[in-house]
Amino acid sequence: MHLHKYEKIWLVFGIASLIVFLSVVGVSAFSHDHTPSGGMDTIDPEKVNETAPFDNPGVSQLDDDTYQVTIVAMAFGYNAPEMKVPAGKEIIFKVTSTDVVHSFTIDNTKVNMMVVPGQITTKSYTFEKPGKYLILCNEYCGTGHHMMSSEIEVY
Amino acid sequence: MIAVKDRKIALANIGVAYAAFLIGTLAGLLQVFIRNDALQLPAWLDYYQILTAHGVLLALIFTTFFIFAFFTTGMSKSIGTFGPKVRLYSWVGFWVTLFGTVMATVMIVSGKASVLYTFYAPLKASGWFYVGLALFIIGTWISSFALIGHYMAWRRKNKGHLSPLFAFMTITTIVMWLIACLGVVATVLFQYIPWAFGWTDTINVELSRSLFWYFGHPLVYFWLLPAYMAWYLIVPKLLGVKVFSDSLARLSFVLFILFSIPVGFHHQLTEPGISNFWKFLQVVLTFMVIVPSLMTAFTMFANFEISGRKKGAVGLFGWFRMLPWKDVRFTSIFIAMAFFIPGGAGGIINASFQLNEVVHNTLWIVGHFHITVGTPVAMTFMGLTFWLIPYLTGRQFTKSMQRLGFVQIITWTIGMLLMSTSQHILGLLGAPRRTAYAGYNNHPSALEWFDGILTSHVTMAVGGSILFLSAMILMYIVIMTMFLSPKAERPEDFVEFPLAESDKEHTPKFLENWAIWVGIAFALIFIAYAIPIGDMIQNAPPGSKGFITW
Amino acid sequence: MSKKYDEHQGVNLKGTLVSVFFVGVIIVVMWVVVYMMYVAR
């Protein structure tokens, strides 16, 4: 198996680029906490409304700099009254579903979370700019999928 | 020309492929018009039904039947006429696959399975939809084993020899397919079917998703590798050169067996139930599978340059003008390759761990697979169709067909450029995929997405309409070359199977030692999946009952 | 397989080298653009 000299140059360049990409995302993810949404917590999908923190969805302040927003997703909407959070503070989103798979996606942010029944998805995000952000479901969930949306106000 | 009986198998497969293509592209056309609110569907038909049909018929049915037609023809040509058993099992495989297809399609059309082609639980389709899917997979297995049997018979007769490159690549693709299907077979047989028929009450959703994507990513390589076969084996012949390097071609295919499977988590990067460690490990493995594609890119350009220089090209890029642009069999595949450059680059972005949050489930993804499977793969198949059907029917590929072929590929190119560019940009802006008309109550952010010239609904609709026009021209070419074009009588009228020569004297024998590659493949799958899947089973939350939300 | 064997000795592949680097540049540019968008969000 003989590689042409130029093919070697190309592969070295290509593989080096891939290593750089991986290092950039890896370092940013694991040392600066920029991992994608996820989490290993589970929940009984039929008892969501009786299980903390989803028995009391909405915004709660955890400490001076941290807020938690708990959301229950269902076909075709989100149960979380009065989503108002401050800019510049860490917001921890916790979402689960009572029925099928959904997403909890906030337009123009890094918040793009899959919501899987039986699992709790977590994502931490800090809004920089105040305003009203569109929330939508981007995982097909049925006839009303394209109607499934909401809004969060950042003040 | 290959034996008549083998030709019949190939033609039957092509026939089904293009029947699916016809309905699938029609469903595509309807979608763009529903999305921009220009079309109201009758009450008995809804957007998601059409979307399911579009995905299943084009991505699954068209590709698979076409691939088996190509394999059947190429295997018969490169390692000899099928024996009676191989032929029998090829037919059994064909009918079982077709039966499964019809069953699943009937369920979709009758509105009992608007679950899209990913059929994520706990959306619960009719049990017969899943039975149809299972039969489809089992049918492809029967056809696959028929081809493997044919290959093994050749190996027994030619001990100590490497098989012809076409046969080697066919078997590589099939081996990958068989290993990949284990995931979808496991979830459909042991999770979906018992649950859909009510024998079990609930389903482990996260497990079903992971088993699906264990299958889902190599599935895209099952589409891509036959296209790569055309790039490695057909294109050099059209250029008048030999295969650039037999050993590198085999090596790149072997790497696809190893690295196309243990990577499914990169479709699940933003979901719970899989820890970051395992997600990132599979991201790294995903990046490994880019390497054989980098090798392929080099080989393709080298073929072009060697061919051009043989014809007397000078300078750095003189060879480019010397390419056989007037040959629609070549130009189609060249455009297919060109589309794969941004297509592949987009794929690297999708798999880049947290970057996935920018694009996941947005229209970017839709744009992405239209410039991977929808053009590089599909247009390669079109380029093959131009000679494969007349080769099999013994008809001519007339001058007017050749001209029409050009119109077809150029319209496809324009339509796809408009539609996919618009989808990529819309996706980056945040517009979601898989939605019917989406205005979100005229939310300002949603209105903004569609404000640009390139991102307007009009651009997408124009693109979609041009694509449909192109698809209909192709259907005309298919029907003509299948049934109506004049029969070839003079030797020069016969269409050839353009298969390039490949020097394998210097190819190391271990490249065809399947035990090594299958062994490593399973080891990698075990490393990437054993612990996270075990965890999903052991620490499973109470399961989900089914929902019919459409 | 002899180590000295080179099936493409003497073939001029300069155009190929430049072409693949063109592909490489597309890959890097697209990736960097989306990375910047990620960081900006």
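Per-chain numbering applies: the sequence of each chain, read as written, is numbered from 1 onward. Key to labels: chains lettered from A, ligands numbered from 1, both in the order written. With the structure being a predicted model, the display of local features is reserved for residues of pLDDT at least 70 and the display and counting of side-chain atom pairs for 80 or more, all residues being used for whole-chain, interface and lining totals. To obtain the side-chain values, all non-hydrogen atoms of the structure were used and water was disregarded.

1. Re the overall build of chain B
Part 1 of the reasoning: Tallying secondary structure elements over chain B gives 18 helices and zero strands in all.
Part 2 of the reasoning: Atoms considered for the radius of gyration are the C-alpha atoms alone. The globule rule reads 2.2 Å times the number of residues to the power 0.38. Relative to the compact-globule value of 24 Å for 550 residues, chain B shows a C-alpha radius of gyration of 23 Å, a close match.
Part 3 of the reasoning: Considering only C-alpha atoms, chain B reaches an extent of 65 × 50 × 45 Å along its principal axes.
Part 4 of the reasoning: Going through the 550 residues of chain B one by one, you find that 69% of them count as buried.
Part 5 of the reasoning: In what follows, residue pairs with any heavy atoms lying within 4.5 Å of each other are defined as contacts. Of all intrachain contacts in chain B linking residues separated by at least 6 positions in sequence, the fraction that spans at least 24 positions is 84%.
Part 6 of the reasoning: When charges are counted, Lys and Arg contribute as positive and Asp and Glu as negative, whereas His and the chain ends are disregarded. Where a charge lies is defined by one atom per residue type: Lys uses NZ, Arg uses CZ, Asp uses CG and Glu uses CD. Side-chain charges in chain B split into 34 positive and 21 negative, and the spacing between the mean points of these groups amounts to 10 Å. Only DSSP runs of H or I reaching four residues or more are called helices, and only runs of E reaching two or more are called strands; each is numbered from the N terminus. Any residue under 20% of the maximum accessible area for its type is buried, any over 50% is exposed, and the rest in between are partly exposed; the area is computed with a 1.4 Å probe on protein chains only.

2. Some remarks on the packing of aromatic side chains
Part 1 of the reasoning: When two rings of Phe, Tyr or Trp (its six-membered ring) have centres within 6.5 Å they constitute a pair, described as stacked for plane angles under 30 degrees, edge-to-face for angles over 60, and tilted for the intermediate range. According to the stated counting rule, one finds 73 aromatic pairs over all chains in the structure shown.
Part 2 of the reasoning: Where A:Phe21 meets C:Trp31, the ring centres are 4.2 Å apart and the plane angle is 10°; that geometry is what we call stacked. Of this pair, A:Phe21 sits in helix α1 (residues 5–31) while C:Trp31 sits in helix α1 (residues 14–40), on two different chains. C:Trp31 shares its class with A:Phe21; the two are buried.

3. Side note on the pattern of salt bridges
Part 1 of the reasoning: When a carboxyl oxygen of Asp or Glu lies within 4 Å of a side-chain nitrogen of Lys or Arg, that pair is called a salt bridge. Scanning the model with the defined rule gives 15 salt bridges over all chains in all.
Part 2 of the reasoning: With its nearest N and O atoms 3.3 Å apart, the salt bridge here joins A:Lys89 to A:Asp65. Separated by 24 residues along the polypeptide, A:Lys89 in the loop between β4 (84–85) and β5 (90–97) and A:Asp65 in the loop between β1 (58–63) and β2 (66–74) bring together distant segments of the chain.
Part 3 of the reasoning: One salt-bridge network, in which partners are shared between bridges, spans B:Arg155, B:Asp246, B:Arg250 and B:Glu512.

4. Section: the side chain of B:Glu271
Part 1 of the reasoning: Mapped onto the fold, B:Glu271 is located in the loop between α7 (246–259) and α8 (276–288).
Part 2 of the reasoning: Each polar contact in these results corresponds to two N or O atoms within 3.5 Å; when the atoms are within protein, one needs to be able to donate a hydrogen and the other to accept it, and residues that are neighboring in sequence are counted only if both atoms are side-chain atoms. At 2.7 Å, the side chain of B:Glu271 forms a polar contact with the side chain of B:Arg209.
Part 3 of the reasoning: If we skip the residues at most four places from it in the chain, B:Glu271 touches A:Ser37, A:Gly38, A:Met114, A:Val116, B:Glu206, B:Arg209 and B:Lys279.

5. Some points on the sheet that holds strand β6 (residues 102–106) of chain A
Residues and elements named next belong to chain A.
Part 1 of the reasoning: Only strands joined by at least two bridges in the DSSP assignment are considered to pair. The mixed open sheet is built from five strands, whose spatial order is β4-β10-β9-β6-β7. Each edge of the open sheet is held by one strand with a lone partner, namely β4 and β7 (112–115).
Part 2 of the reasoning: Note: strand β9 (residues 131–136) against strand β10 (residues 149–154), six bridges, orientation antiparallel. Note on β10: the bridge partner recorded for Tyr 133 is Ile 152.

6. Here we look at the UniProt feature "transmembrane region" (unreviewed entry) in chain C
Part 1 of the reasoning: Those residues carrying the UniProt feature "transmembrane region" (unreviewed entry) are residues 20–40 of chain C in this numbering.
Part 2 of the reasoning: In this annotation, residues 20–40 of chain C is assigned 100% helix and 0% strand; the end-to-end C-alpha distance for the span is 30 Å. UniProt positions are given in the numbering used here, feature names are shortened, and annotations may be inferred rather than shown by experiment.

7. Focus on the interface of chain C and chain A
Part 1 of the reasoning: Listed as interface residues are 20 residues of chain C and, on the opposing side, 17 residues of chain A.
Part 2 of the reasoning: Throughout, buried area stands for the accessible area (probe radius 1.4 Å) lost by two parts on being put together, summed over both. In total, chain C and chain A occlude about 1,800 Å² of area from one another, counting both sides; carbon and sulfur atoms represent 72% of this.
Part 3 of the reasoning: Considering only the side of chain C, the residues that lose the most area to chain A are C:Trp31, C:Tyr38 and C:Arg41, jointly responsible for 35% of the buried surface there.
Part 4 of the reasoning: Across the contact surface, chain C and chain A share zero salt bridges.
Part 5 of the reasoning: Between chain C and chain A we count two residue pairs in polar contact (both at pLDDT 80 or more) in total.
Part 6 of the reasoning: Tallied by class, the residues present in the side of chain C that touches chain A amount to 14 nonpolar, two polar and four charged. Under the convention adopted here, Pro, Cys and the residues Ala, Val, Leu, Ile, Met, Phe, Trp and Tyr are nonpolar, Asp, Glu, Lys and Arg are charged, and Gly plus all remaining residues are polar.

8. A closer look at the pairing of β10(A)
Remember that side chains alternate between the two faces of the sheet whenever the strand is regular.
Part 1 of the reasoning: As paired strands, β4(A) and β10(A) are joined by two bridges and run parallel to one another. Within the sheet, the bridge partner assigned to A:Val85 lies in β10(A) and is A:Val154.

9. Here we look at the interface of chain B and chain A
Part 1 of the reasoning: Each side of the interface is counted separately: chain B has 69 residues, and chain A has 64 residues.
Part 2 of the reasoning: Buried area between chain B and chain A, summed over both chains or domains, comes out near 5,300 Å², and the portion from carbon and sulfur atoms is 66%.
Part 3 of the reasoning: In this structure, the connection of chain B to chain A is made through two salt bridges.
Part 4 of the reasoning: Note that A:Lys123 is salt-bridged to B:Glu357, the shortest N-O span being 2.9 Å.

10. Examining the pairing of strand β8 (residues 121–126) of chain A
Residue and element names in this part refer to chain A.
Part 1 of the reasoning: What you see with β8 is a clean split: Thr 121, Lys 123 and Tyr 125 sit on the buried side and Thr 122, Ser 124 and Thr 126 on the side with no burial.
Part 2 of the reasoning: Sheet topology note: the β5/β8 ladder contains six bridges and is antiparallel. Bridged to Val 95 within β8 is Thr 121.

11. Some thoughts on the environment of B:Arg7
Residue and element names in this part refer to chain B.
Part 1 of the reasoning: Along the polypeptide, Arg 7 turns up in helix α1 (residues 4–35).
Part 2 of the reasoning: Sequence separation of Arg 7 and Gly 318 is 311 residues, and the distance between their C-alpha atoms is 40 Å.
Part 3 of the reasoning: Among the polar contacts listed, one links the side chain of Arg 7 to the backbone oxygen of Ile 2, at a separation of 3.1 Å.

12. Looking at the confidence of the model for chain C
Part 1 of the reasoning: As a per-residue quantity, pLDDT reports the predictor's confidence and falls between 0 and 100. Averaged over chain C, the pLDDT score is 84; the fraction of residues at 70 or greater is 76%.
Part 2 of the reasoning: The complex prediction reports pTM at 0.96, with the ipTM value standing at 0.97.

13. Side note on the side chain of B:Ser208
Part 1 of the reasoning: Within the secondary structure, B:Ser208 sits in helix α6 (residues 205–239).
Part 2 of the reasoning: With residues near it in sequence (within four places) discarded, B:Ser208 still touches B:Ala121, B:Thr187, B:Gln191, B:Tyr192 and B:Ile203.

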